[in-house]
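What follows is each chain in one-letter form.
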Amino acid sequence: MPSILEAVKIHKTYGNKFNKQEVLKGLDLSIAEGEFVSIMGASGSGKTTLLNVLSSIDTVSGGSIRIEGREITGMKEKQLAEFRKQHLGFIFQDYNLLDTLTVKENVLLPLSVAKVPKQEAEQKFQAVAKELGIYEVKDKYPNEISGGQKQRTSAARAFVHEPSLIFADEPTGALDSKSASDLLNKLSGMNVQRKATIVMVTHDPVAASYSSRVIFIKDGYIYTQLYRGQETRQAFFQDIMKTQGVLGGVQDEQ
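This section reports on the structure supplied with the text. Owing to the predicted nature of the structure, the values given are computational and were not obtained by experimental measurement.

**Side note on the sheet that holds strand S1 (residues 3–16)**
With respect to topology, four strands assemble into an open sheet ordered S2-S1-S4-S5, the strand pairing being antiparallel. With partners counted over all chains shown, the strands left at the sheet margins are strand S2 (19–32) and strand S5 (70–71), one partner each. Direction of pairing for S1 relative to strand S4 (residues 62–67): antiparallel, over a ladder of five bridges. Of the residues in S4, the one forming a bridge with Glu-6 is Arg-66. Its contacts with the sheet put helix H1 (residues 47–54) on S1, S2 and S4, and the angle it makes with S2 is roughly 65°.

Laid out in structure tokens, this is it:
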């Protein structure tokens with residue numbers, strides 16, 4: 001498959017010249033169209049920083065990131081905002097839903113920002129809401145639904161405008177195990193049916209076992225990668241656990 005994201009020699013440094021902290025140290029990464037990739041690593045390894053720079057939430061200190069052949073590292077803020085709006089979707093650990101809007105209104109936000117005609121927006125909403133199992137709660141407000149439903153609403157909002165890339169930051173972090181597996185089943189289904197490319201940061205080996213490739217970050221570099229291939233999810237989970245053991249365990253990253 002052609003690659004949808006190319007990151008070359010990514011550096012990210014915080015602080016000033018007297019007190020520098022280099023979090024990413026010249027990392028290279030390529031993600032193919034239609035992949036479901038998990039990024040794992042111990043606390044402080046740089047996995048969240050990597051997701052933030054890849055998704056344009058944060059800027060790099062050096063290196064190049066291309067999404068769909070377009071260099072995003074040099075884009076001005078206005079260009080970036082436009083690019084995000086059209087090409088990227090985000091799922092956050094804490095849902096980031098607007099409490100004053102219904103489930104449906106939250107999901108439709110990216111389409112209303114993009115001025116998509118009402119009828120087309122309605123069709124897209126229905127499709128994604130039914131796929132993610134939230135159509136029945138469409139007129140409820142976030143405070144009236146469960147955590148699992150909130151996160152599926154957040155996922156629906158990320159998918160509704162059919163972006164090229166979905167970035168998910170610990171999407172199961174606040175969910176119980178049943179809600180988490182429900183969300184992950186839905187995400188992997190959408191990855192297959194919609195050919196959506198998903199990049200997810202997680203500390204949970206169960207969550208990572210739903211993806212097709214797991215990238216382990218250690219001290220600002222890619223330590224190793226695992227490909228699922230034809231393995232069952234259970235076998236892949238065991239491989240992930242073994243690699244975590246070698247890495248010295250993976251704690252939740254603050």
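**As for the pattern of salt bridges**
The tally for this structure, following the rule as stated, stands at 12 salt bridges. Between Glu-77 and Arg-84 there is a salt bridge whose closest N-O contact spans 3.7 Å. Close ionic contact of Lys-138 with Asp-139 constitutes a salt bridge, the shortest N to O distance being 3.9 Å. Each of the salt bridges in this network shares a partner with another, and the network as a whole consists of Arg-152, Asp-182 and Lys-186.

**Side note on the packing of aromatic side chains**
Throughout the structure, instances matching the rule amount to three aromatic pairs. Residues Phe-90 and Phe-167 carry aromatic rings whose centres are separated by 6.1 Å and whose planes lie at 25° to one another, so their mutual orientation is stacked. Separated by 77 residues along the polypeptide, Phe-90 in strand S6 (residues 88–91) and Phe-167 in strand S7 (residues 165–169) bring together distant segments of the chain. Exposure class is identical for Phe-90 and Phe-167. Each is buried. On the numbers, 6.2 Å between centres and 40° between planes, the contact of Phe-125 with Tyr-135 is tilted.

**Remarks on the packing of helix H5 (residues 147–159) against helix H6 (residues 177–193)**
Taken N-terminus to C-terminus, the directions of H5 and H6 make an angle of 20°; their axes are 9 Å apart at the nearest point. Taken together, the axes of H5 and H6 are roughly parallel relative to one another. Two packed elements cross with a definite hand, and for H5 against H6 that hand is right-handed. Packed against H5, whose contacting residues are Gly-148, Gln-151, Arg-152, Ala-155 and Phe-159, the element H6 presents Ser-179, Asp-182, Leu-183, Lys-186, Leu-187 and Met-190 at the interface.

**Looking at the layout of surface pockets**
To find leftover empty space, one rolls a probe the size of a water molecule over the atoms. The space that makes up the largest pocket amounts to roughly 380 Å³. Together, 15 residues line the largest pocket, and Phe-90, Phe-92, Leu-109, Pro-110 and Arg-157 are the ones closest to its centre. For the lining of the largest pocket, the elements supplying multiple residues, two or more each, are helix H2 (77–87), S6, helix H3 (103–113) and H5. Of the residues that constitute the lining of the largest pocket, the class distribution is nine nonpolar, three polar and three charged.

**Some words on the environment of Ser-55**
Residue position: Ser-55 is located in the loop between H1 and S4. The buried category is assigned to Ser-55, whose relative accessible area is 1%. Between the alpha carbons of Ser-55 and Arg-84 there is a distance of 8.3 Å; along the sequence they are 29 residues apart. Sequence-distant contacts of Ser-55, defined by excluding residues within four places in its chain, comprise Arg-84, Leu-88, Phe-90 and Phe-167.

**Here's the deal with the sheet that holds S6**
Strand order in the open sheet formed by six strands is S6-S7-S8-S3-S9-S10, with mixed pairing between adjacent strands. Whereas interior strands pair on both sides, the edge strands pair on one side only; in this sheet they are S6 and strand S10 (221–227). Taken over all neighbouring pairs, the strand axes of this sheet differ in orientation by 20° on average, direction set aside. Taken strand by strand, H1 contacts strand S3 (36–41), S7, strand S8 (197–201) and strand S9 (213–218), and its axis lies near 150° from that of S7. Lying over the sheet, H2 contacts S6 and S7, oriented at roughly 80° with respect to S6.

**Some thoughts on the side chain of Glu-170**
With respect to the helices and strands, the residue Glu-170 is situated in the loop between S7 and H6. Although buried, Glu-170 forms no salt bridge, and the nearest oppositely charged side chain, Lys-47, lies 4.7 Å from it.

Thresholds applied
- Residues numbered from 1 in each chain as written.
- Predicted model: local features only at pLDDT ≥ 70, side-chain atom pairs only at ≥ 80, totals over all residues.
- Heavy atoms only, no water.
- Pairing = 2+ DSSP bridges.
- Helix = DSSP H or I, 4+ residues; strand = E, 2+ residues; numbered from the N terminus.
- Contact = heavy atoms within 4.5 Å.
- Axes fitted to C-alpha atoms, helices over the stretch in contact; angles between N-to-C directions.
- Salt bridge = Lys/Arg side-chain N within 4 Å of Asp/Glu carboxyl O.
- Phe/Tyr/Trp six-rings, centres within 6.5 Å; stacked < 30°, edge-to-face > 60°.
- Buried < 20%, exposed > 50% of the residue type's maximum accessible area, 1.4 Å probe, protein only.
- Parallel < 35°, antiparallel > 145°, perpendicular 65-115°, else oblique.
- Left-handed = near helix turned anticlockwise from the far one by under 90°.
- 1 Å grid on protein atoms, 1.4 Å probe; cavity = no way out; pocket = protein on both sides within 12 Å on 5 of 7 lines; lining within 4 Å.
- Points joined across faces, edges and corners; volume = space filled by probe spheres on them.
- Nonpolar A, V, L, I, M, F, W, Y, C, P; charged D, E, K, R; others polar.
- Lys, Arg positive; Asp, Glu negative; His and termini not counted.

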